[in-house]
There are 2 protein chains.
Amino acid sequence: MSVTRSVFQDELDGISQSLVKLTEMVIISMSKATQAVLNSDLKLAEEVIADDLKIDEFQHEIDNRIIDIIARQQPVASDLRALVTALRMGSDLERMGDLAVHVAKLARRRHPDPAVPVELIETITAMGVAAGKITSKTGVVISTRDIELALQVEKDDDVMDTLHRELIAILIEPIWEHGIETAIDLTLLGRYYERFADHAVSVSQRVYFLVTGKYA
Amino acid sequence: MSVTRSVFQDELDGISQSLVKLTEMVIISMSKATQAVLNSDLKLAEEVIADDLKIDEFQHEIDNRIIDIIARQQPVASDLRALVTALRMGSDLERMGDLAVHVAKLARRRHPDPAVPVELIETITAMGVAAGKITSKTGVVISTRDIELALQVEKDDDVMDTLHRELIAILIEPIWEHGIETAIDLTLLGRYYERFADHAVSVSQRVYFLVTGKYA
């Protein structure tokens, strides 16, 4: 029994490590997408769009491994819940990759024009930094199950919400001179960063729930 | 063995029936939210926002039943995949409820002013109708596993995408006279309907994959 248990624990740890790797992949993807949208970098935008397939495939592989572990090991109680939660974390992370693609596609659609007007460069840069920070911490939460850090991730998300409000405030200032079409682009861009962070928070909260049995 | 098998099938059928009921709940929620946003109906908006708790709780209950079935019945292969897919469908449907809440919150935020200017009433009405139609068919796909109908759901989603493009085209017309703030609201409103439909399509595609082993 103890041998089986240990194999199972190794498999579970392997899944966690893969989820951390998936986290790193979406951090890189969003970081590149942010650079692409800030610098009208078409090559980088295309790279993010193409590389999303690797994120999708890796998530798919993790899913299959999880289902295979459930089928072979027939875990119950908390072990089963940990695996079901891992499936959900994979979905969140895959969706974060999609959101980075949306950012990259905006850069591509507007190229060679800049997608982000000069008065919003600072806000979008800060949203990119916040997205990276929240998601990096989420990666650590997955690997260490540090519930204090999970609570910090939620606090960090408040920064993203503040930035999002700042973005909208700039768009509706009377001096806004870039027209409705740019305002629409920036509204959606803000939404992509906000949702990206929401999914990272969701991953972190899932770990919190797994460890404590309570909602953060 | 045949008795166990039959109990398991009954349990699986019960899960499908509950997912159909969850589908009906989110259809009603989005339908009410659409009425609220079109008619500045604060009472209806509040109802949608309050009732989302019931959707969340019901999804939670379905999740727990699925995990309990996996733990007790220890299914493998296609039975296990059907249950994992049911977990994912529940997540999609719960998220659709959240999107209806976003629509309702816009109605509440703008009340007593109308959230939707007169020239967009027709488009938003049509998006509400399309959302209902796509999701109703998705409910039938869940209960009948009709893969032809699953393909129809994808076609119906093209209607939503066309409506979304129409919406953006109206916002960027030079005669648009409702300012940037209303354009931002309507951009997000369009996105909520589009995402709502995307999740319905995703549920339908999951059934398609379960039945055929292929992606639609």
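To start, this report covers the structure provided alongside it. What you see is a predicted model, and the numbers here were worked out from it, not measured in a lab.

## Notes on the overall build of chain A
Then, number 1: Broken down by element type, chain A carries six helices and zero strands.
Then, number 2: Helices (α) and strands (β) of chain A occur, in sequence order from the N terminus, as α-α-α-α-α-α.
Then, number 3: For chain A, the C-alpha atoms occupy an extent of roughly 70 × 35 × 20 Å along the three principal directions.
Then, number 4: Buried residues in chain A amount to 39% of all 216 residues.
Then, number 5: Across chain A, every contact between residues at least 6 apart in sequence was considered, and the portion connecting residues at least 24 apart equals 80%.

## Re the interface of chain B and chain A
Then, number 1: Counting from both sides, the interface comprises 20 residues of chain B and, opposite them, 20 residues of chain A.
Then, number 2: Of all the secondary-structure elements, those providing two or more residues to the side of chain B that touches chain A are α2 (42–73), α3 (77–110), α5 (147–171) and α6 (179–212) of chain B.
Then, number 3: Considering each element in turn, the side of chain B that touches chain A owes the most residues, seven residues, to α6 of chain B.
Then, number 4: Of the residues in the side of chain B that touches chain A, the class split is 15 nonpolar, two polar and three charged.

## Considering the relation of the copies chain B and chain A
Then, number 1: When chain B is fitted to chain A, the best match, at an RMSD of 0.0 Å, comes from turning it 180 degrees and sliding it 0.0 Å along the axis. Taken together, the rotation and translation relating the two chain copies correspond to the operation of a two-fold axis.
Then, number 2: A share of 100% of the interface residues of chain B reappears at the interface of chain A, consistent with the copies meeting face to face through the same patch.

## Section: the nonpolar core
Then, number 1: In this structure, A100 and V103 of chain A together with A100 and V103 of chain B are the most contacted members of the largest nonpolar core, which totals 122 residues.
Then, number 2: With sequence-adjacent residues up to four places away left out, V103 of chain A is seen in contact with M30, A33, T34, V37, L189 and Y192 of chain A.

Conventions and cut-offs
Residues numbered from 1 in each chain as written. Chains lettered and ligands numbered in written order. Predicted model: local features only at pLDDT ≥ 70, side-chain atom pairs only at ≥ 80, totals over all residues. Helix = DSSP H or I, 4+ residues; strand = E, 2+ residues; numbered from the N terminus. Buried ≥ 20, exposed ≤ 12 C-beta atoms within 10 Å, placed from the backbone. Contact = placed C-beta atoms within 7 Å. Nonpolar A, V, L, I, M, F, W, Y, C, P; charged D, E, K, R; others polar. Least-squares fit on C-alpha atoms with pLDDT ≥ 70 in both. Core = buried A, V, L, I, M, F, W, Y, C linked by C-beta atoms within 7 Å.

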